[in-house]
Every structure is written in structure tokens, then in C-alpha cells.
Amino acid sequence: MNPFLAVVKKELWSVIRDRTILIAVLIQLFIASFSSGLLLGMLSLYDADTIMEYSGMAIKIGLVGPAGNPLETFMQQRKLQVIRFDSLNQAEAEFYKNTVNAIVVIPENIQNTAEIKLYLPNSDAVSSLIRMVVQEPLKQYENYLRAQNGIKVNYTDLKGKPSTSFEFIYSVLLPMLMFFPAFVAGSMTIDALTEEAESNTLQTLLSAPLTINAMIGAKIVAAVILSTLQCLTWLVLLWLNGIMVQRGGWILLLSVLVAGITSSAAALAAVLLKDRERSQFIYSLMLLAAAALSTLLDLSPIKTISRLAIGDAYTSGWNVAVFAVFLAGLYLLLTKMSRRLLR
Amino acid sequence: MNQILHIAWREISRLQKRFGGGGSPLAVLLLLAALGFSAYTLRDSVSLGNGLYRVGLSGAAETFTDSRFTLVSLSPEQGAALLEQKAIDVWIDGAQVHSREDDRSQFAVKALKQVLEKQELLRIGSSYTYDSAFPLRVGINYLSAPATGAQAAPTARPEEVIIPSLTPPPAPFTQVLVALLYIMPITFISIFFTSSFMDEKVNRRLTILLSAPVTPFQIILGKMLPYATFALFTTALIAWLTRGEVLLALAIFAPTTLFIFAIYLMVPLFYRSFKDTTFIAMLVTTLTTAYLVFPAMFTNTNELAYISPLALAVKMYRSEPFGWREYLFPSVPMAAIFGFAMYAGTRLLNEEFLMGYKPLTRKLTDAIYLMMAHLQPYLSVPLWSLLTIPGIYMTQVVLLAFATNLPLRVMLGATLLGAALVEEIIKSVGIVVLARHDQVKSIRELLALAFLSALGFLVGEKLLLLISINLVSQVRVSGALFGAGLFLLIPLVAHFSFTSLVTILHVRVKLPYPLAIALGSVVHFFYNYYVMRGGLQ
């Protein structure tokens, strides 16, 4: 068999035999489910719209103050139940009977500024929930008072749909699933190279008809194959979950390129440093710095992948081609430096 | 003590040699500089949905900067056309905002609303007097429950006056992020601790060290000392830089540091190839980060948040007080796991175990056997069940986090089943391992050990409950998991019968262990389910 293919096969086989790849898949599954669980939790606790959807009708606000105050209407428009009382004492009595959850007191004769009172239960959980759902009516009331003062506030009638899930899926979840395998591929390349270097098996391996560049190349190819398989699995799983991903072909190509870049960069670190401890450390730092710098230069693969997935009109194969050029340059550099691993 | 210090010193000089020469310190500095520079430039712009929306501006519409939006200036005709072609998501024409009916455009509008609202506030605030720009004041008071019979109870806290448009509702998001700052360096440092062990294992210096007149305990402690000191130092530094209380931060994060080191101590003991280490370390990092961050997000909204020490840090940054119970609740399990890991480490740090190449499951059972073998089975089995309780408890919390993205009905069932599975494995694995080494044979012995294991488990569970009773007893799920509010006898009998079932099925009936565990867990699940149903009525 071709020695290049033999090395690729050996690398893939060792990963499958040790079942370590299962751990990697488990991690990604965990991060994905965990982060969407987190998002769901955050939404149900910190997003007023979502709270109203689930428990809005159950929140009852006691109101003390003159009739016809716009705040009452604003609260009712948000589907909060408003119950009127004549005095604070009455309202408090009902509050202690648990018939209302909070009390709003509006003074008589409001001119230009208003000072209202909000009475909340002394439990952090409930009071922060109520503060979140009354935030929007209070802001509307504030705008009403501003209008009374002759100040016009623009853009107050905007509605839209809650966008957090959309933003999360396309700017966090999808890039995470597509690039985490690339990160793992780099680590794997370092492990494969430094293990040979540290246990002095390189010379033996190279006594086969195999150049050092072909050997490194084979290890990179094995790592990229694994990461591509993972990406493919994630794309299929996302599709099964009903998450629309447009231009899947370009996305897959981009993730292959990024896996190539991380593995080549990792191999470069391994070639120069020759031990796992330092290589892995420098590699992680390189990735962090690269992620930050690419965002800074507006060349981030994360942004590119989100835009491809939502079908952005100004993002095309050319944006992917940039990364191919970068990979070619990096790989060329690696082939020039590779002999240092033997020293 | 001297020996520990000696090993610690040796560790420092090893690090110096490794990172001292060549280009690597320079590379580290350069990379850190690049990272710091980018982080500084991007400090305001990192948000969800980076670059997702495109907005067209025409007329008098003002530009704004937000990393989610890419802006283009265009003429009104172009704006209408591009919006129609879906090339832009929203078109702002002066004070008028145009959008399409489809989801993407509507999401953009919602996101835009927040940005424009902020922008309008800035405009109003700078062009009008403060009182007319912000005409509403809300005084927030908290009412505590009245004493029985008393009329109006006094308000619980002093009044807090807010301006609605300038005061976002309380969410511990940023504080959690700050608290997360503490975890990152600790994790990084402990990875070095791991590589140090691996390095010595690869070049066989550990073997020489083990033949020297020092105990494994001294070796582990000595090697850990420099890293742990450094980790505590960074904790203090971060607290000082972020204007937290240094001593309080140290008290909060010391158990966390020990916990993370304990977990990373296990990595070099179990790995067989370099790839193993990478994957195991990754798994450990994600699980611990999840365990620490997830609950802290719910500080002040759910009492269960206190299982993470980050919740305490969030409290610290909000200058809110917390008591001993809140402190001990996350710290005791972490410290206990550290103690357990140290014990396991001293038992496992021998050449035969370290160098053997076996499947991971075999290595695990070997490890359990090594930990139990030097004591009488009647002592080691209940001790094993008792001491692994904090680990079980943490695993179940992670399971709960896993389950939150399932539908509610499935979620509860999956958590209960997962919990039963973990408990059954822990209670039976010690006995099964002993049986494999032919230390236990007869049904009578199995039954006796199963009873002791159930007893140890129950004692540990109740001890843990004692710490947490005030904090989580209201939470129904944890009540079902830990069997709160029952006579001790019933759960003891229940645990005893499940464990006996599993061990007898495996050891005597020769059923494969996974199958025996599955059967035991299903029975256990129905018991849990029944208890919870009863608890609900």
C-alpha cells in the first residue's frame, strides 16, 4: 500500500480503536445541548416576552391611584392583570393574601414628572421576574410623559420577533459545531507528531519510503477527515432538527479549510517545539489570538459561516476562497520548516 | 514537609528549563499581546449575532455602531428595491423603519429596537434638561411577609429609586462573566500540572521518583504546590483588578481550585496515549465549566444556583451578603472530591498501573480495585459508597443541565433514569470488582455487601442533605433525587434490594454488567417515580 495512505489509515484506526473520538463527539453534543439549555433557561428567566408567554396571565398587579392613568392601559396591553384598589392599605392586605403579586402606587396630579412607587415581594426570584415584565409598560409610560413635556421619541413603535434564538443558532451554535472539530483536529495533529518525536519512533517511521513532509501531511489529512465527518454529522443533525442551513456545501468546504488551517498551524507548532506540553499551549494561544485578530480584521470565519447559513446576499464562495489562499500559504511554510522536527 | 517542598522546588526548575530557552517565551508574549490588543479593541462589540443583519439607511437616519448590524447608505429607491430583494433586512428612511414580513426581517427589527432605543435616549439626554428627558422615577420597596396577626409589615429593605429607561432589570449576566474570569486561569494552570505528570511519565523519571524514599502522597502534593499557589495568586490578582474583595474571593475559589486540580490529577493517571489526554482534558474542561457556569446564571432566581461557587462570586460583586450555609453548600462537595482524588492518586501512583495499556473501562475497574483492596471488603464497600456521594451529586447536576433542553415531561423522566443509573453503578461497581478478583463469591456475602453499600450511600446522602436542606429542600426534583422527607428505612431497603439485584444478576447469574445495571436502574427509576408521585400529592 502507498505509505502515505498507510499512515492516514493508521492514525484513523488508532482513534477508532481507542474510542477517544467518542469523547470528542460527546463533548460537542454536551456543549450544544448545554448551551441551548442555557439559552432556554436564560430566556425563560430574563426575557420579558418569553415570561409573558408562559406565566403572564398569572401575574396580578394591584394599582392604587387616579383612574384613567395610561400606565394601567400599558400594563393591560402587555396582558398583565391589573386590579384597582382605593388605598395602599387595602392593596397590601390583598398582597399578603397572595391575591396580587405586586403593587403600583401612582400619585394624584401628575404634571411633568411623576414619582410612582412599586411594592414587590421580598423574594429575589419573584421580584426580579416582576421587574422584568413591568419594565416595558414603565418605559412606555415614560415615553408618554416625555410626549407631555413636548419631547418626541422616534422609533417607539418597533415590534419585530424575539431574535435571541435566531442569533444564538446562527452566530454561536452553528459556528461552534462546525469549528470545534477543527480545533480538535489541530490538537490531534500535535499529539500524533509529538508522540512520535518524544518516544523516538520518527526515525523508524521515516525508514519506510516516506518523506517527512508526506508523513506530516498524512497526519494532517487523517485529522481533517475526522473533523469533516463530524461536521457532516452535525449538518445532518441540524437539518433533522428543522434548523435551516443554506449553502451547506460552502459551509462544509469552509469548515474543511479551517480544519486544514488549524492542523497545519498545530503541526507547525509541533515541528518547532517538538514536545506536547509547549506545542499544545502555544497552539491554544494561537487559536485564541487568531480568532480575536480575524474578528478585528473583519475576516472572521465565524461571521462568514453565519452569513452563509442565513443566505446573506453579499457573501459567496469568494469569502470562502480567502481561507483557501491562507491555508495554501501556511502549508507551504510548514513544508519549508518540517525538517526541524528531526533535529 | 521538607520532601514536599523539595519536590515543589524541583517542579519549578523543570518548568524553568522547559519554558526558559529558545523562542517560546517570545512567542507566548507575542500571542498574549495580540490577544490582549484584540480583546481591548473588541471589548464593546462582542455580542450574540455578530454580523447577522444588514440595514439600509437613507434620508436623515443616523448611523450607529453595533456588531450585529452592517450598515449601507443608499437612496430611497434603492432601499425599497433591496429590501424587496432580501439583500437588506431592514431599511431605515429617516424616522421611518421599513421591514418585510418574513422571520429574518422581523428578527432584525427586534434587534434594531434595542439599539435605536439606546440611541434615542442618548439624543434626548443630551438635548433636553435631565428632568424632562427622564420624567419618571420609580421607588421600589420590598414587602416581607407579615407576622401572624400583625397588620402591615414593615418594608424589608430601604427604597431603591430607578429610572426605567436607564435601569435594566437585574440579570447576573455580566457578573457571571466576571466570575468566569477566575476559572480560565485556574484551568490553564491545572493543564500544566497535568502535562508535568505526563512529561515525567513519558521519560520515565516518575519511576525513579517512585523508587526514592518519598510517598506518592508527597509526590502529588509537592508537584501540585507550585501550581496551586500560582492559581491562588492569580485569583487574588483578578479580585484585586476587578475591585472584588481579595480575601473573600480566595475563600470562594480555593475549594474550586482544589476541585479542578483533583479532576486534572486523574488525567495523567488514566491516559494511554497523547490523544487520550487531549480528549479527556477537553471533556473535563467542558464539564467543569458547565457545572460552574450553568447554575450561576440563575443566581437570585433559583436557590439551586448555589451549587456553583460562581453564584457566591456573583453575590460578592453585587455586594450582597451570604451566609455559611450558602458557602458550604458548593464548597464541601468540592473539597470532598479533592480529598477523594488525593486518596485515589496515592493508591494509583505506582508503576504497574501507570504504564499498563488497557481499555479505559479495564483501567477504571483496576483503579477501583486498587483503592479498595487494602481494606477489608466490609469496610471498603460502604466507604466507597459514602465517599463517592459528592461525585454522584455533581454528575446528577450535570445530568439535569443536559436534560433541560428536552421537553418538560421527558426531562424529568430522563433525569430520574440517569440519576438511577449513576447511583446503581456506584453502589454495585465496588462489589463487582471485588467479585472479579475472587474476593467475594457466595450469595450471602453479596447480600451483606449490598446492604453495607446501600447503608454507606444513604449515610453520605443524608450528610449532604444536612448541609443543603434549607437551600434545596423546596426543589421537587432534588427532593426526588435525594429522597428527602422519607423514613430512612424505606430508602435503605430500596437501595439494598436494587444493589443486590444488580450484583447477584452479574456475579451469580453471569449476566453482562451493563445489562444488570440497566435492569437495576429501571427498577430504581420506577421506585423514584413512585416516590415523586407520592411527593406530589
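Preceding this section is the structure that the text describes.
Student: Tell me about the interface of chain A and chain B, and name the residues and values.
Tutor: Quite often, the size of an interface is put as the accessible area lost when its parts meet. With 109 residues of chain A in contact, the opposing surface of chain B contributes 114 residues. Both faces combined, the contact of chain A with chain B buries some 10,000 Å², and carbon together with sulfur accounts for 65% of it. Across the chain A-chain B interface, the total number found is six salt bridges. A salt bridge links D103 of chain B to K161 of chain A, with the shortest nitrogen-to-oxygen separation between them at 2.5 Å. For the pair chain A and chain B, the number of links is 25 residue pairs in polar contact (both at pLDDT 80 or more). Breaking the side of chain A that touches chain B down by element, the ones donating at least two residues are helix 1 (3–18), helix 2 (20–46), helix 5 (88–96), strand 4 (114–121), helix 6 (124–148), helix 7 (164–198), helix 11 (276–296) and helix 12 (301–310) of chain A. Element by element, the count of residues in the side of chain A that touches chain B is highest for helix 2 of chain A, at 18 residues. Class assignment of the residues belonging to the side of chain A that touches chain B gives a composition of 55 nonpolar, 27 polar and 27 charged. Where strand 4 of chain A and strand 5 (residues 136–143) of chain B come together, eight bridges link them in parallel fashion. Among the inter-strand pairings, L120 of chain A is bridged to a residue of strand 5 of chain B, identified as Y142 of chain B.

Student: Can you break down helix 8 (residues 216–241) of chain B residue by residue, with the values?
Tutor: All names here are of chain B. Its 26 residues give helix 8 an end-to-end C-alpha distance of 37 Å, which sits within 8% of 38 Å, the value for a rise of 1.5 Å per residue. At L225, helix 8 shows its largest kink, close to 40°, and the proline P226 lies no more than four residues downstream. R243 lies just past helix 8 and shows a positive phi near 60°.

Student: Run through the sheet that holds strand 1 (residues 60–64) of chain A, naming residues and quoting values.
Tutor: Read across the open sheet, the six strands follow the order 2(A)-1(A)-3(A)-4(A)-5(B)-6(B); overall the sheet is mixed. The open sheet has two free edges, formed respectively by strand 2 (81–85) of chain A together with strand 6 (160–162) of chain B, since each of these has just one partner strand. Shown here is a sheet whose adjacent strand axes are inclined to one another by a mean of 25°, direction ignored. Strands strand 1, strand 2, strand 3 (102–105) and strand 4 of chain A of the sheet are contacted by helix 4 (residues 70–77) of chain A, whose axis makes an angle of about 150° with strand 2 of chain A. Across the sheet, helix 5 of chain A lies against strand 1, strand 2, strand 3 and strand 4 of chain A together with strand 5 of chain B, angled at about 170° from strand 3 of chain A, the strand it touches most.

Student: Give me the lowdown on the pattern of salt bridges, citing residues and values where you can.
Tutor: All chains considered together, the criterion is met by 27 salt bridges over all chains. Between E196 of chain A and K219 of chain A there is a salt bridge, and its shortest N-O distance comes to 2.8 Å. Separated by 23 residues along the polypeptide, E196 of chain A in helix 7 and K219 of chain A in helix 9 (residues 212–240) bring together distant segments of the chain. As far as burial versus exposure is concerned, E196 of chain A and K219 of chain A are alike and both buried. Salt-bridge contacts for E120 of chain B lead to R123 of chain B; the nearest nitrogen and oxygen are separated by 2.7 Å. Within this pair, E120 of chain B and its partner R123 of chain B are both found in helix 4 (residues 103–127), separated by three residues, close to a single helical turn. Each of the salt bridges in this network shares a partner with another, and the network as a whole consists of E277 of chain A together with R10, E11, R14, E200 and K223 of chain B.

Student: For the sheet that holds strand 3 (residues 90–93) of chain B, give the residues involved together with the corresponding values.
Tutor: Residues and elements named next belong to chain B. Taken in spatial order, the four strands line up as 2-1-3-4 in an open sheet, and their pairing is mixed. Edge positions in the sheet fall to strand 2 (69–73) and strand 4 (96–99), since each has one partner strand and no second. The mean angle between the axes of side-by-side strands here comes to 25°, regardless of whether they run parallel or antiparallel. Judged from the four bridges that link them, strand 3 and strand 4 form a sheet pairing that is antiparallel. Each residue of the ladder has a partner; that of V90, found in strand 4, is S99. Against the sheet, helix 3 (residues 76–84) contacts strand 1 (53–58), strand 3 and strand 4, and its axis sits at roughly 160° relative to strand 3. Across the sheet, helix 4 is in contact with strand 1, strand 2, strand 3 and strand 4; its angle to strand 3 comes to roughly 45°.

Student: Explain a nonpolar patch on the surface to me, and be specific about the residues and the numbers.
Tutor: Residue and element names in this part refer to chain B. Nonpolar side chains collect at one region of the surface, where F230, F233, L237, W240, L241 and V246 lie side by side and expose about 630 Å² of accessible area between them. Following the sequence through the fold, L237 ends up in helix 8. Since its relative accessible area comes to 36%, L237 is described here as partly exposed.

Student: Tell me about the pairing of strand 4 of chain A, and please be specific about residues and values.
Tutor: A regular strand places its side chains on the two faces of the sheet in alternate fashion. All names here are of chain A. Burial analysis of strand 4 places six of its eight residues in the buried class, the great majority of the element. Alignment of strand 3 against strand 4, held across three bridges, turns out to be antiparallel. Its bridge partner being in strand 4, V105 is matched across the sheet by K117.

Student: Lay out the nonpolar core with the relevant residues and their values.
Tutor: One finds M178, M215 and I216 of chain A together with I92 and Y291 of chain B to be the most contacted residues of the largest nonpolar core, which totals 196 residues. When residues of this core are assigned to their parent elements, the largest contribution, 16 residues, is made by helix 7 of chain A. Leaving out residues up to four positions away in the same chain, M215 of chain A has contacts with V7, L193, L202, L205, L206, L210 and L341 of chain A. Core analysis: the second largest hydrophobic core is formed by 27 residues, A102 and L120 of chain A together with L136 and I162 of chain B among them.

Student: Which residues make up the side chain of S308 of chain B, and what values go with them?
Tutor: All names here are of chain B. Turning to its location among the elements, S308 is positioned in the loop between helix 10 (274–296) and helix 11 (309–317). Residue S308 is classed as buried on the basis of its relative accessible area, which comes to 0%. Here L310 takes part through its backbone nitrogen, which lies 3.0 Å from a polar atom of the side chain of S308. In contact with S308, other than residues within four places in its own chain, are Y291, L292, P295, A296 and P330.

Student: Outline the packing of aromatic side chains, listing residues and values.
Tutor: By the definition in use, this model includes 24 aromatic pairs over all chains. The interplanar angle of 15° and the centroid separation of 4.3 Å between the aromatic rings of Y182 of chain B and F253 of chain B together place this pair among those described as stacked. In this pair, Y182 of chain B is assigned in helix 6 (residues 173–202) and F253 of chain B in helix 9 (residues 246–270), connecting sequence segments 71 residues apart. Of the two residues, Y182 of chain B and F253 of chain B, neither departs from the other in class, the shared state being buried. Taking the centre distance of 5.5 Å and the plane angle of 50° together, the rings of F193 of chain B and F261 of chain B count as tilted. Of this pair, F193 of chain B sits in helix 6 while F261 of chain B is found in helix 9, placing the two residues 68 residues apart along the sequence. Among the residues examined, F261 of chain B registers a relative accessible area of 0% and is labelled buried. Each member of the aromatic cluster is reached from another via a ring pair, and the members are F166 and Y170 of chain A together with Y53, F64, F69 and F107 of chain B. We note K223 of chain B situated over the ring of F197 of chain B; from NZ or CZ to the ring centre the distance is 5.5 Å.

Calculation criteria
- Residues numbered from 1 in each chain as written.
- Chains lettered and ligands numbered in written order.
- Predicted model: local features only at pLDDT ≥ 70, side-chain atom pairs only at ≥ 80, totals over all residues.
- Heavy atoms only, no water.
- Contact = heavy atoms within 4.5 Å.
- Buried area = accessible area lost by both parts, 1.4 Å probe.
- Salt bridge = Lys/Arg side-chain N within 4 Å of Asp/Glu carboxyl O.
- Polar contact = N/O pair within 3.5 Å; in protein donor to acceptor, adjacent residues only side chain to side chain.
- Helix = DSSP H or I, 4+ residues; strand = E, 2+ residues; numbered from the N terminus.
- Nonpolar A, V, L, I, M, F, W, Y, C, P; charged D, E, K, R; others polar.
- Pairing = 2+ DSSP bridges.
- Expected span 1.5 Å × (residues − 1).
- Bend = angle between axes of the 7 residues up to and from the residue.
- Axes fitted to C-alpha atoms, helices over the stretch in contact; angles between N-to-C directions.
- Buried < 20%, exposed > 50% of the residue type's maximum accessible area, 1.4 Å probe, protein only.
- Patch = residues over 30% accessible without salt bridge, like charges linked within 9 Å, V, L, I, M, F, W, Y side chains within 5 Å.
- Areas by Shrake-Rupley, 256 points an atom, 1.4 Å probe, with all protein chains shown as cover.
- Core = buried A, V, L, I, M, F, W, Y, C linked by side-chain atoms within 4.5 Å.
- Phe/Tyr/Trp six-rings, centres within 6.5 Å; stacked < 30°, edge-to-face > 60°.
- Lys NZ or Arg CZ within 6 Å of the ring centre and 35° of its normal.

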